[in-house]
Amino acid sequence: MTECLFCKMVLGVIKPNVVYENDYVLAFKDINPQAPVHILIIPKTHVATLNELDNIELSGQLLLAVNQVAQQENLSEAGYRTVINCNKNGGQEVYHLHLHLLGGRHALATRIT
Ligand code: AMP
Ligand code: ZN
């Protein structure tokens, strides 16, 4: 998917501010943060939306990466919010599946992106 912004990040054509990666996922800082910590976690393979996610291992890896990045960013104890936007009514703007990880202040003070 060479036209996909997030695939270009996986390939290294565009270089995001990476905070974590493993064989399955890449996590990087959101360019327009809606909270003091706002990280996007994406699969390294192209999955357009949550509707297309059909791989159990990848699904688990995405959730485990949220856990891992939250620990790394010292969010675990205070807590955080995760958001997945799907398609038009979900407000999805980039059509490569991503989990928003939002933390650093109470969720009520955070715009749900
Ligand atoms: P969504 O509305 O769920 O599709 O969210 C897309 C997110 O991608 C938004 O929060 C954007 O700020 C973020 N975004 C768009 N372009 C970039 C980029 N080049 N680097 C990092 N984050 C980006
Ligand atoms: Zn993609």
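The structure we're discussing is the one just above.
No experiment lies behind these values; they were computed from the predicted model shown.

Rules of the game
- Residues numbered from 1 in each chain as written.
- Chains lettered and ligands numbered in written order.
- Predicted model: local features only at pLDDT ≥ 70, side-chain atom pairs only at ≥ 80, totals over all residues.
- Heavy atoms only, no water.
- Salt bridge = Lys/Arg side-chain N within 4 Å of Asp/Glu carboxyl O.
- Helix = DSSP H or I, 4+ residues; strand = E, 2+ residues; numbered from the N terminus.
- Buried < 20%, exposed > 50% of the residue type's maximum accessible area, 1.4 Å probe, protein only.
- Near = heavy atom within 4 Å.
- Polar contact = N/O pair within 3.5 Å; in protein donor to acceptor, adjacent residues only side chain to side chain.
- Areas by Shrake-Rupley, 256 points an atom, 1.4 Å probe, with all protein chains shown as cover.
- Pairing = 2+ DSSP bridges.

**Student:** Any chance you could break down the pattern of salt bridges for me, citing the residues and the numbers?
**Tutor:** Taken as a whole and assessed by the stated rule, the structure comprises one salt bridge. For K44, the salt bridge is made with E21, and the minimal N-O distance between the two is 2.6 Å. Of this pair, K44 sits in the loop between strand 3 (37-43) and helix 2 (56-72) while E21 is found in strand 1 (residues 18-21), placing the two residues 23 residues apart along the sequence. Taking relative accessible area as the criterion, K44 reaches 25% and is therefore assigned partly exposed.

**Student:** Give me the site of ligand 1: which residues, what numbers.
**Tutor:** The local shell around ligand 1 holds 16 residues, among which D30, N85, E93, H98 and H100 are the closest. D30 has a polar side-chain atom sitting 2.5 Å from an oxygen atom of ligand 1. Within the contact set of ligand 1, an oxygen atom lies 2.6 Å away from a backbone nitrogen or oxygen of E93. Bound to the protein, ligand 1 loses 85% of the 500 Å² it would expose on its own. Mapped onto the shell around ligand 1, the elements with two or more residues apiece are helix 1 (5-11) and strand 2 (25-29). With three residues, helix 1 is the single largest residue contributor to the shell around ligand 1.

**Student:** I'd love a proper account of the pairing of strand 2, names of residues and values included.
**Tutor:** Taken across its five residues, strand 2 has four buried, putting it largely inside the fold. Where strand 1 meets strand 2, three bridges bridge the pair, whose relative direction is antiparallel. Note that in strand 2 the partner of E21 across the bridge is L26. In this structure, the hairpin formed by strand 1 and strand 2 is closed by a connection of three residues. Here five bridges tie strand 2 to strand 3, and the two strands are oriented antiparallel to one another. Paired with L26 across the strands is I42, a residue of strand 3.

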